[in-house]
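# Observations on the three-dimensional arrangement
What follows is each chain in one-letter form.
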Amino acid sequence: MIAILDYRAGNLTSVKRALDHLDIPNEVTSNKDLLHSSLGIIFPGVGAAGSAMRNLRDNGLDNTIKSLVMSGKPMLGICLGCQVILDESLENTTATLGIIPGRCEKFSRNLSDESGHPISIPHMGWNNIWLKKECPLFKGIPENSEFYFVHSYYPVPDPAYIIGVTHYGLDFCSVFGRAGLWAMQFHPEKSGEPGLKILSNFYSYCLEK
Amino acid sequence: MLSKRIIPCLDVRDGLLTKGIKFEGNVNIGDPVETARLYYEEGADEIVFYDITASAEERKIMLKVVEKVASTIFIPFSVGGGISTLEDMRSTLLAGAEKISVNSAAVKNPGIISQGAEAFGSQCVVVGMDVLKVEKSRSVPSGYEIVIHGGRKHMGIDALWWAREVERLGAGEICLNSIDADGTKNGYELELTRLITDNVRIPVIASGGAGNPEHMVDAVTRGGASAALIASIVHYGEYTIPEIKQYMHNNGVKVRMDW
């Protein structure tokens, strides 16, 4: 079973629907026993880093998540879930989980697109990912595939952890992590077939582990 | 590099698909869930559902449609039409919509934009603007006026002012519909589109007037829109989404070509 971490933030149902569609057993939960017994955890999220961290701390989930990850439980962080894995977010200047060194920054209003126009914020829509490293979650996904993004802050992890990069006004890290712990700024559950493939690749990894 | 989005709009009444010309003479042309699946498979980047009448009873039917769609397609979709309270927003988002679109309700009660953004995040809140070209006046200096009820009621509000205002209130996106162009198939109202895209920093979806793929190229280049809304030209099979995207791609517009 894949646990979808419930920390009362944002839309958890879309990840669940995608896993249901893929026939991947899953449970939306904040129950620590279930998180422990799961094959892997998806840390979804839409919303603000401040309230997300508050909810995690209030339920003691911050320490649970940290210790599970340290013990090798596979985890996939999505969007806000990916940002919270880092040390701090400039969004509400929040101290986040600190599982991977790094921080989040806001897209500057001074950035321009290819035709010289100021970029729209949030970065909303479909964009490419240039993989800097091989990543098992992207296995079988065509190189030109695009993924759905919607965010105003972007992750800036320790460069050693960068897996994929996306261009929007600047090159930012859209995928980072290491074996068993991945974080993605885009929404695989809303990125059509390539996105679904990432989720099923994550499940395959969890099964093999 | 961010792709320009192609967004089919499905008008729904009583759980069935309709598309009207200038908001009159609607006819049913199919099942919204099946059609959404078809457009998903054809490479639509997003889908908009517009509940045309949206009485309390019809809203319940619509929520069932939204739930079915959310389990069938895995791209973002938004729902609009008659959404006027935070509770409407919440139930629609929980049913699986990615975004909700408010139009008349936001004009009557702008607070709904900030409340929605606060409760669910700006990315969830699309503000639909129905705009009519009028004589420039003191209350409407841009010569573009906000109208509601499908263009029947003039609000005396300047469209440019309103666009900036909804951005300030926390809207995540604007869906800009020209009542003059809607249903004409003569192309999007590019002057209006450019006026708005030059003056806000949130993404703008151009709507109303799509007749061929060249119009969509214009909307995202000359108009500066982030996305183009389409309806009849795909509903009635004049063009398919892959044809439209191929044309845009051939004309140098970045669109999502692999899906």
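Conventions adopted
Residues numbered from 1 in each chain as written. Chains lettered and ligands numbered in written order. Predicted model: local features only at pLDDT ≥ 70, side-chain atom pairs only at ≥ 80, totals over all residues. Helix = DSSP H or I, 4+ residues; strand = E, 2+ residues; numbered from the N terminus. Rg over C-alpha atoms; globule rule 2.2 N^0.38 Å. Buried ≥ 20, exposed ≤ 12 C-beta atoms within 10 Å, placed from the backbone. Contact = placed C-beta atoms within 7 Å. Pairing = 2+ DSSP bridges. Core = buried A, V, L, I, M, F, W, Y, C linked by C-beta atoms within 7 Å. Right-handed = clockwise from strand over helix to strand, strands pointing away. Expected span 1.5 Å × (residues − 1). Axes fitted to C-alpha atoms, helices over the stretch in contact; angles between N-to-C directions. Parallel < 35°, antiparallel > 145°, perpendicular 65-115°, else oblique. Left-handed = near helix turned anticlockwise from the far one by under 90°. Nonpolar A, V, L, I, M, F, W, Y, C, P; charged D, E, K, R; others polar.

Quick look at the overall build of chain A now. Looking only at helices and strands, one finds six helices and 14 strands in chain A. Against the globule reference of 17 Å for 209 residues, chain A gives a C-alpha radius of gyration of 16 Å, in line with a compact fold. Looking at chain A residue by residue over its 209 residues, the buried ones come to 55%. Expressed as a percentage of contacts within chain A between residues at least 6 apart in sequence, the contacts between residues at least 24 apart total 68%.

In this section: the pairing of strand β4 (residues 47–51) of chain B. Residues and elements named next belong to chain B. Counting buried residues along β4, five of its five residues qualify, which places the element largely inside the surrounding structure. Every second residue of β4 is oriented toward a common face, with Ile 47, Phe 49 and Asp 51 on one face and Val 48 and Tyr 50 on the other, all of them buried. Pairing geometry for strand β1 (residues 5–13) and β4, over four bridges, is parallel. When the bridges of β4 are listed, Leu 10 appears paired with Phe 49. Bridge analysis of β4 against strand β5 (residues 77–80) gives four bridges, and the strand direction is parallel. Looking at β5, one finds that Val 48 is bridged to Ser 78.

Ranked by size, the top nonpolar core spans 143 residues in total, and within it Ile 7, Ile 174 and Ala 228 of chain B carry the most contacts. Residues contacting Ala 228 of chain B, with those up to four places away along its chain left out, are Ile 6, Ile 7, Ala 206, Ala 210, Met 216, Ala 219 and Val 220 of chain B.

Residue and element names in this part refer to chain B. With six of its six residues buried, strand β10 (residues 173–178) lies for the most part within the structure. Pairing geometry for β10 and strand β11 (residues 204–207), over four bridges, is parallel. Across the sheet, Asn 177 pairs through a bridge with Ser 207, a residue of β11. Assessed by its sense of winding, the connection that carries the chain from β10 through helix α7 (residues 190–197) to β11 is right-handed.

Attention shifts here to helix α6 (residues 192–208) of chain A. Residues and elements named next belong to chain A. For α6, spanning 17 residues, the distance from its first C-alpha to its last is 25 Å, which sits close to the expected 24 Å at 1.5 Å a residue. Along α6, the residues that are buried comprise Gly 192, Pro 194, Gly 195, Lys 197, Ile 198, Leu 199, Asn 201, Phe 202, Tyr 203 and Cys 206. Of the surrounding secondary structure, the elements contacted by the buried residues of α6 are β1 (2–5), α1 (13–21), β3 (40–43), β4 (75–78) and β10 (146–151).

Turning next to the packing of helix α8 (residues 213–220) of chain B against helix α10 (residues 241–250) of chain B. Angle between the axes and distance between the axes are the two parameters that describe a pair of packed helices. Residue and element names in this part refer to chain B. Packing of α8 against α10 leaves a shortest axis separation of 9 Å and a crossing angle of 55 degrees. Considering their axes alone, α8 and α10 lie oblique with respect to each other. Seen from above, α8 lies across α10 with right-handed handedness. Residue-level contacts link Pro 213, Met 216 and Val 217 of α8 to Glu 243, Ile 244, Tyr 247 and Met 248 of α10. Among the residues forming the contact of α8 with α10, the class breakdown is six nonpolar, no polar and one charged.

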